[in-house]
Amino acid sequence: MSDKPRSPIESGCPDAFQYMHPTMRRNFGQWKYHEHPKPGVLRHVAYSGEEIWTVRCGTQRILDIFTLRKLCDIGDEYGDGYIHFTIRSNVEYIVDDAAKVDPLIKAIEDAGFIVGGTKNSVTMISHTQGWLHCDIPGTDASGVVKSMMDELIDEFRENNMPNRVHITTSCCQINCGGQGDIAINVQHTKPPKINHDLVSNVCERPSVVARCPVAAIRPAMVNGKPSLEVDEKKCICCGACFPPCPPMQINDAEHTKLAIWVGGNHSNARSKPTFQKLVAAGIPNNPPRWPEANAIVKSILKAYKEDAKDWERINDWIERIGWPRFFEKTGLPFTKYHIDTWRGARNSLNASTHIRF
Ligand code: SF4
Ligand code: SF4
């Protein structure tokens, strides 16, 4: 071993071309059309006449090395040795020969994985890191995802939805999460509890004070030690103070709940972005199978499947039928918690022209 320190490895996204299937690389930007021969399979045809077939397989996202090797071995043995992961944690095998597609699907399914997630399916839920990788989760996002996808497995395999359904999860109330047709997010319902003995050792008080979006935190002396206090009337229970100051514990077995939001969509060539809206709050954070949250997601999907027109995403469907009909069709109760009564809401509500600036 040399005594010389190893020079740093450049981090960042590597050049993707080196990992591309050669047929894909040769025809980059030269695709004539693509089609969807069956669930989980895509066929792209280039102007040169060459074609590639993509077989999509769901994964649990947080993959142990053995599963990853198994997935790669399938690609080496039955595919052309090229895979890539989609942003929703599906793995795609790419081959240039139609004859390889069925044996590849059989090998994937024999190994216990599922093929699907294309076109108008419920594709893999995009989930945040949870306890494995982050220091602030209020629940285990991967557990919620696992319990939900177990119940939605047929919707992943088939193409029975009016359009594609993207579901997302978030394991705290403030960070990653995401825009989704349906989003299952953590919802704290009580202000943080402060362990005053630890604050002065662990937290930079000015940065914690600055972190609060509603200015509810003030410096305070408690038992002769510098600490913090929370104006609980102002606090919106967001949990933003917990990451920089762990003694401000907000996670709680009873009061940390889940909330379900629907209708989030990024903009595309035809429409503007839409923001998701809360449809169910205070759902028990109930591991290991989260039955209450699962039942609500399934009732939303059932109503959407039965009532939406072809190609309507969930937000399009709700816009057409209106929110009262949405609550009627899904059987979800409309409660006072759906109304934004926070005193700052005046600035965010498009209630009338009088409060638009
Ligand atoms: S959603 Fe929150 S808790 Fe979960 S990984 Fe992201 S930052 Fe961490
Ligand atoms: S939970 Fe959010 S609103 Fe409440 S004190 Fe902490 S940062 Fe402020």
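See the structure shown above.
Residues numbered from 1 in each chain as written. Chains lettered and ligands numbered in written order. Predicted model: local features only at pLDDT ≥ 70, side-chain atom pairs only at ≥ 80, totals over all residues. Heavy atoms only, no water.

## A look at the site of ligand 2
Neighbouring ligand 2 are 14 residues, the closest being C212, C235, C238, G239 and C241. The residue makeup of the shell around ligand 2, split by class, is 13 nonpolar, one polar and no charged. (Near = heavy atom within 4 Å. Nonpolar A, V, L, I, M, F, W, Y, C, P; charged D, E, K, R; others polar.)

## Things to note about the environment of D181
With respect to the helices and strands, D181 occurs in the loop between strand 7 (167-170) and strand 8 (182-188). Each C-alpha atom, one on D181 and one on I167, is 5.9 Å from the other, the two residues being 14 residues apart in sequence. Excluding its chain neighbours within four sequence positions, the residues that come into contact with D181 are R164, V165, H166, W261, V262, G263, G264, R313 and I314. A polar atom in the side chain of D181 sits 2.7 Å from the backbone nitrogen of H166. Engagement of the side chain of D181 in a polar contact is seen with the side chain of R313, the distance being 2.9 Å. (Helix = DSSP H or I, 4+ residues; strand = E, 2+ residues; numbered from the N terminus. Contact = heavy atoms within 4.5 Å. Polar contact = N/O pair within 3.5 Å; in protein donor to acceptor, adjacent residues only side chain to side chain.)

## Quick word on the pairing of strand 3 (residues 51-58)
Where burial is concerned, most of strand 3 is hidden: seven out of the eight residues are buried. The turn joining strand 2 (residues 41-46) and strand 3, which pair antiparallel and follow one another in sequence, is formed by four residues; a positive phi near 100° is taken by G49. Note: strand 3 against strand 6 (residues 114-115), two bridges, orientation antiparallel. Within strand 6, the residue paired with G58 across the bridge is I114. (Buried < 20%, exposed > 50% of the residue type's maximum accessible area, 1.4 Å probe, protein only. Pairing = 2+ DSSP bridges.)

## Digging into the pattern of salt bridges
Under the criterion given, the structure shown has 19 salt bridges. The residue D252 makes a salt bridge to K193 at a minimum N-O spacing of 3.3 Å. Here the residue D252 occupies a position in the loop between strand 12 (248-249) and strand 13 (256-262), and K193 occupies one in strand 9 (residues 193-194), the gap between them amounting to 59 residues. One continuous salt-bridge network, built from bridges that share partners, spans E35, R43 and E51. (Salt bridge = Lys/Arg side-chain N within 4 Å of Asp/Glu carboxyl O.)

## Focus on the pairing of strand 1 (residues 31-38)
With five bridges connecting them, strand 1 and strand 2 associate as antiparallel partners. Among the inter-strand pairings, E35 is bridged to a residue of strand 2, identified as R43. From the end of strand 1 to the start of strand 2, which pair antiparallel, there are two residues, and G40 there has a positive phi angle of about 85°.

## Examining the sheet that holds strand 14 (residues 277-284)
Reading across the sheet, the four strands line up as 7-8-13-14 and stay open at both edges, with mixed pairing between neighbours. Of all the strands in the sheet, the pair left with one neighbour each is strand 7 and strand 14. If you compare each strand with its neighbour and ignore which way they point, the axes differ by 25° on average. Relative to strand 8, strand 7 runs parallel, the two sharing four bridges. Bridge pairing in strand 8 links S170 to N185. (Axes fitted to C-alpha atoms, helices over the stretch in contact; angles between N-to-C directions.)

## Side note on the nonpolar core
Of all hydrophobic cores here, the largest spans 38 residues; its most connected members are I167, I182, I260, I300, L301, W317 and F326. Looking at this core, the elements with two or more residues in it are helix 4 (141-151), strand 8, strand 13, strand 14, helix 8 (291-307), helix 9 (314-321) and helix 10 (323-330). Here the element with the most residues in this core is helix 8; it accounts for seven residues. Residue contacts for W317: discarding those within four places in its chain leaves A303, Y304, D307, A308, E312, F326 and K329. (Core = buried A, V, L, I, M, F, W, Y, C linked by side-chain atoms within 4.5 Å.)

## Notes on the side chain of N90
Relative to the helices and strands, N90 is located in strand 5 (residues 90-95). Ignoring sequence-local partners within four residues, the contact set of N90 consists of R56, C57, G58, H84, F85, T123, M124 and F156.

## Looking at the environment of L332
Inspection of the secondary structure puts L332 in the segment after helix 10. Along the chain, L332 and K233 lie 99 residues apart, while their C-alpha atoms are 29 Å from each other. Setting aside chain neighbours within four positions, we find L332 in contact with V279, I296, S299, I300, F326 and F327.

## Section: the environment of K234
Along the chain, K234 turns up in the loop between strand 11 (225-230) and strand 12. Residues K234 and N315, spaced 81 residues apart in sequence, show a C-alpha to C-alpha distance of 32 Å. In contact with K234, other than residues within four places in its own chain, are V214, A215, A216, W342 and R343. Only 3.1 Å separates the side chain of K234 from the backbone oxygen of A215, close enough to count as a polar contact.

## Comments concerning the state of the cysteines
Here, the word disulfide means a covalent bond between the sulfur atoms of two cysteines. This model, assessed by the stated rule, comprises one disulfide. Covalent S-S linkage joins C203 and C245, the inter-sulfur distance amounting to 2.2 Å. A torsion of 75° about the S-S bond marks the disulfide between C203 and C245 as right-handed. You can see C203 sitting in the loop between helix 6 (196-202) and helix 7 (205-211) and its partner C245 sitting in the loop between strand 11 and strand 12, a full 42 residues away along the chain. The residues C203 and C245 share a single accessibility class, namely buried. (Disulfide = S-S within 2.5 Å.)

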